Amino acid sequence: MSFRNLNLPLSVKTTKDDPIQDFFNPVLSQSIEYCVAVGYFSSYWIRDAAEGIAKLASKGGKVRWVISPNLNSDDFEILSNSKSKDEKEEVFESISTRSFEELFEELSQNTRATLSWLIRDRIMDFRVGIPKNKLSGILHSKMGYFVDENGDEISFSGSYNLTNGANSNWERFDVFPEWKSEESSLRTDEIKYDFEAMWNKEDPNLDIYVPTSVVLKKYIMFTDDVDRPYPKPDVEPTHKIAIPEHFLSDGKLRPYQEEAIDKWFKNNGRGIFHMATGSGKTVTALVAAMRLTNHIIGNDGNISIVVAVPFQHLANQWEKEAKEFGFRTVKCFDSVVRWMPKAQKQIMNMLAGEEHYTFFITVNKTLFNDPFQNILSNLKGNILLIGDEMHNLGSSNYKKLLPENAKFRIGLSATPVRKGDEE
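Residues numbered from 1 in each chain as written. Predicted model: local features only at pLDDT ≥ 70, side-chain atom pairs only at ≥ 80, totals over all residues. Heavy atoms only, no water.

Enquirer: So, a negative patch on the surface: which residues are in play, and what are the values?
Expert: On the surface, a cluster of negative charge is contributed by D86, E87, E90 and D370. Mapped onto the secondary structure, E90 falls in helix α5 (residues 85-106). (Patch = residues over 30% accessible without salt bridge, like charges linked within 9 Å, V, L, I, M, F, W, Y side chains within 5 Å. Areas by Shrake-Rupley, 256 points an atom, 1.4 Å probe, with all protein chains shown as cover. Salt bridge = Lys/Arg side-chain N within 4 Å of Asp/Glu carboxyl O. Lys, Arg positive; Asp, Glu negative; His and termini not counted. Charge placed at Lys NZ, Arg CZ, Asp CG, Glu CD. Helix = DSSP H or I, 4+ residues; strand = E, 2+ residues; numbered from the N terminus.)

Encoded structure:
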């Protein structure tokens, strides 16, 4: 079946219809994508629409939700007085943490399991929206759209909130199958445009916050104790990480590179590669990282790799060569609002089991700032720290902030001894 086989109403009214049974469950069952922006979100709706959501989930579909957090007058005052983006990010994280924790506590066991697994499998993704500029209320939209496997789309808009209480209210929303008429097509396009502007932070009157792995960690951890309540969706396996041929000579590394890597492994994955400029320090470290990563993944483990360099041009060089090996990397420097969502997504993918590693490339200045220190503090399990031009990391202040929980470490330098600071 597809959307076109459904008997779709022009509108849904709670006075005569059951929105879940008459609209959402049938449409969700045929959907591979569901995008919605609503002012209120309730766990009861997940429970009531479980049938349709389970069918969407089993097909590996995706759900994107823009919601309003629970705000009070103090929240608005703090946000209004926040002068920088970094300050606002901290406030958003605090508000979102509170809102998602409150939601977690309100959930019944079965609904909590469903929502937690949807988040872990990356089927359901959230953004939190807070109005700004001339708007001082909450995000109060009630609109969304669906996509099926044929690419057909259905949109809706009206007074219906995704809460259990909405079924006891007088509620109505209109339905627009985009293939039915030119007007339905135009309305669907407009709803999609408004939603994507919200999602991509392009609405000038809306601050959008991406919940971090810290905010959603309680949901992810909960799945360790409960079974997935729907068939496991097909997920592409992690791609292979390998040495590019152009870094090899007759299919092999240079003898001194192999010697360095061998000694490093024999020293339990800790040591300094004291190698001259131009001798292939970066490649040697990447091969060591590759072999360690493949070993850990082969034993069903995970690893986080952090590369710290003194300058941005070195970070760009590391990114280029790491990608040639097949690593998926995130460059963490410049504006935190640009790199933080990507870094958090890598962490979430690893927590969700979609990936078995994270790979962050940062400059020393960013490494020792609070946002990246928060990233480091939330990395668990195996960590490999690679310090390029490591003599720049030897000051007493810097050493205090290096991650003590990094079990594996590589220092790279042509001049590892700090002049005037031999210790």
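Enquirer: Quick one: what's the story with the nonpolar core, residue by residue and with numbers?
Expert: As a rule of thumb, soluble globular proteins bury nonpolar side chains together. F23, F24, Y34, W65 and F146 are the most contacted members of the largest nonpolar core, which has 50 residues in total. Those residues in contact with F146 that sit more than four places away from it in its chain are F3, F23, F24, V27, L28, S31, E33, Y34, D152, E153, I154 and F156. Counting residues in hydrophobic clusters, the runner-up holds 37 residues, among them I261, W264, L286 and M290. (Core = buried A, V, L, I, M, F, W, Y, C linked by side-chain atoms within 4.5 Å. Buried < 20%, exposed > 50% of the residue type's maximum accessible area, 1.4 Å probe, protein only. Contact = heavy atoms within 4.5 Å.)

Enquirer: Would you mind going over the pairing of strand β13 (residues 382-388) in detail, with residue names and values included?
Expert: Taking burial as the measure, the seven residues of β13 include six buried ones, the bulk of the element. One ladder, built from six bridges, connects strand β10 (residues 303-309) with β13; its direction is parallel. Directly across from I303, in β13, lies its bridge partner N382. Note: β13 against strand β14 (residues 408-413), five bridges, orientation parallel. Counterpart to D388 in the pairing with β14 is L412. Read from β13 through helix α15 (residues 396-401) to β14, the crossover connection turns out right-handed. (Pairing = 2+ DSSP bridges. Right-handed = clockwise from strand over helix to strand, strands pointing away.)

Enquirer: An account of the sheet that holds strand β3 (residues 62-67) is requested, with residue identities and associated values reported.
Expert: Spatial ordering of the open sheet is given by β1-β7-β6-β5-β2-β3-β4-β8, a layout of eight strands whose pairing is mixed. The strands lining the two open edges of the sheet, one partner per strand, are β1 (11-13) and β8 (206-209). Each neighbouring strand pair of the sheet contributes to a mean axis angle of 15 degrees, computed without reference to strand direction. Bridge analysis of strand β6 (residues 153-158) against strand β7 (residues 172-177) gives five bridges, and the strand direction is antiparallel. If you follow I154 over to β7, its bridge partner there is P177. Strands in contact with helix α7 (residues 182-199) are β2 (31-38), β3, β4 (124-131), β5 (142-148), β6, β7 and β8; relative to β5, the strand with the most contacts, it is inclined by about 105 degrees. (Axes fitted to C-alpha atoms, helices over the stretch in contact; angles between N-to-C directions.)

Enquirer: I'd like to hear about the pairing of strand β12 (residues 357-363), residue by residue, with values.
Expert: The two faces of a sheet get side chains in turn, since along a regular strand they alternate between them. β12 sits mainly inside the fold: seven of its seven residues count as buried. The alternating pattern of β12 places Y357, F359, I361 and V363 and T358, F360 and T362 on opposite faces, both of which are buried. Taken together, the three bridges between strand β11 (residues 330-332) and β12 define a ladder with parallel strand orientation. Across the sheet, the residue bridging to K331 is I361, located in β12. Remark: the β11/helix α12 (residues 336-351)/β12 crossover connection has right-handed handedness.

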